[in-house]
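# Close look at the chain arrangement
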Amino acid sequence: MRRAAREAVMPHYRTLLDAQIVEKAPDDLVTVADRKSEAMLSEGLAAILPEATIVGEEAAHADPAILDRLGDSLCWIIDPIDGTHNFAHGRPPFGIIIALAEHGETVAGWIYDPLNDRLCHARRGGGAFVGEERIAARTTGENPPVAAISVMLMDEAQRHAMKRHIAPHYTLTDIPRCAAEQYPRLALGINDVSVFERTLAWDHAAGVLWLNEAGGMAARLDGSAYRVDDRRTGMIGAASPAMFDALAERLNEA
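Residues numbered from 1 in each chain as written. Predicted model: local features only at pLDDT ≥ 70, side-chain atom pairs only at ≥ 80, totals over all residues. Heavy atoms only, no water.

The topology assignment puts aspartate 82 in strand 4 (residues 75–82). Taking the C-alpha atoms as reference points, aspartate 82 and alanine 225, 143 residues apart in sequence, are found 22 Å from one another. If sequence neighbours within four positions are ignored, aspartate 82 has contacts with Phe94, Gly95, Ile97, Cys178, Ala179, Ala180 and Asp203. Reaching out from aspartate 82, the side chain makes a polar contact with the backbone nitrogen of alanine 179 at a distance of 2.7 Å. (Helix = DSSP H or I, 4+ residues; strand = E, 2+ residues; numbered from the N terminus. Contact = heavy atoms within 4.5 Å. Polar contact = N/O pair within 3.5 Å; in protein donor to acceptor, adjacent residues only side chain to side chain.)

Rendered as structure tokens:
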């Protein structure tokens, strides 16, 4: 991951030409750096576990049938640059995310912030780490709790319910538009809760595992576990199970 950041990502930070940025869907960008990073990571991960399927964000965009492989016996999942919108506009945060899944369940995950050389990583049952330090999720201690919630991907009814039933109980803050930053914020005392509408595997597999291993809670709105081969939308991330339960209850009543 550090090599991909050093050789494929950072040389293009704040140096991208317009021709090197493509809008593959409305408000969904890809850059030459994304493609270089994914190619480098795919090659390296294939050498580590040749028997594992590789599902990269850009490969899946080119061929959506690749998503059917997320439930394979072993599967590497790659987000070559998470937060591409930020990266393409020359601002932080952004990161690289890798997860390893076994039959649809994440067993290991890595989230790398190249600007700060911060590596968050976890393996199932083995705890959550930032670098070499094992960490335990902590809340902000604020009252009301701090919620990072975006209504950008919600429909009008969802937006109305969020503003009427949820917002009054929290201090709302901007989302970073980067899961590689949002999950650390939930465990490191910066945010208490967050609602994710789109829950693509490359954005969330590593972060869900890492937050849960830290003692926080990330799960579907009904409390069921996140699986990489589940194409449902909607999820809550929280600094503690109690924070999760409180927000889930309010969302259920909204």
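Next comes the rest of the write-up.
Turning to the packing of helix 6 (residues 179–187) against helix 7 (residues 201–213), a few remarks are in order. Between helix 6 and helix 7, the least distance of the axes is 9 Å, while the angle of their chain directions is 15°. For the element pair helix 6 / helix 7, the angle class is roughly parallel. For the pair helix 6 and helix 7, the sense of crossing is right-handed. Contact residues: helix 6 offers Ala179, Tyr183, Pro184, Leu186 and Ala187, while helix 7 offers Asp203, His204, Gly207, Val208, Trp210 and Leu211. Classifying every residue of the contact of helix 6 with helix 7 by side-chain character gives 8 nonpolar, 2 polar and 1 charged. (Axes fitted to C-alpha atoms, helices over the stretch in contact; angles between N-to-C directions. Parallel < 35°, antiparallel > 145°, perpendicular 65-115°, else oblique. Left-handed = near helix turned anticlockwise from the far one by under 90°. Nonpolar A, V, L, I, M, F, W, Y, C, P; charged D, E, K, R; others polar.)

Residues in a regular strand project their side chains so that they alternate between the two faces of the sheet. Relative to strand 2 (residues 28–31), strand 1 (residues 21–25) is paired through 4 bridges, and the arrangement is antiparallel. Bridge pairing in strand 2 places glutamate 23 opposite leucine 29. The hairpin turn running from strand 1 into strand 2, its antiparallel successor, is 2 residues long, and aspartate 27 in that turn takes a positive phi close to 60°. (Pairing = 2+ DSSP bridges.)

Before going further, it helps to examine the sheet that holds strand 8 (residues 128–130). Taken in spatial order, the 7 strands line up as 3-4-5-6-7-8-9 in an open sheet, and their pairing is mixed. Looking at strand neighbours, the two that pair on one side only are strand 3 (53–56) and strand 9 (133–135), the edges of this open sheet. Neighbour-to-neighbour, the strand axes of this sheet turn through a mean angle of 20°, independent of strand direction. Here strand 4 pairs with strand 5 (residues 95–102) via 6 bridges, running antiparallel. The residue bridging cysteine 75 from the neighbouring strand is alanine 101, located in strand 5. Against the sheet, helix 1 (residues 2–9) engages strand 4, strand 5, strand 6 (105–113) and strand 7 (118–123), with an angle of about 135° to strand 5. Taken strand by strand, helix 6 contacts strand 4, strand 5, strand 6, strand 7 and strand 9, and its axis lies near 75° from that of strand 7.

What follows deals with unusual backbone geometry. For the bond from proline 92 to proline 93, the omega torsion is -5°, close enough to zero to count as cis. Note on placement: proline 93 falls in the loop between helix 4 (84–88) and strand 5. With an omega dihedral of 5°, the bond running from asparagine 143 to proline 144 counts as a cis peptide bond. Residue placement: proline 144 occurs in the loop between strand 9 and strand 10 (146–149). We note that arginine 14 has phi near 65°; this positive angle belongs to a residue other than glycine. Using a relative accessible area of 61% as the deciding quantity, one classes arginine 14 as exposed. For arginine 177, which is not a glycine, the phi torsion comes out positive at approximately 55°. For arginine 177, a relative accessible area of 31% corresponds to the partly exposed category. (Buried < 20%, exposed > 50% of the residue type's maximum accessible area, 1.4 Å probe, protein only.)

In this section: the state of the cysteines. Under the criterion given, the structure shown has 0 disulfides. Take cysteine 120: it sits in no disulfide, and the sulfur closest to it among the cysteines is that of cysteine 178, at 11 Å. Under the relative-accessibility criterion, cysteine 120 is labelled buried at 1%. (Disulfide = S-S within 2.5 Å.)

These results come straight from atomic positions and should not be treated as a statement about function.
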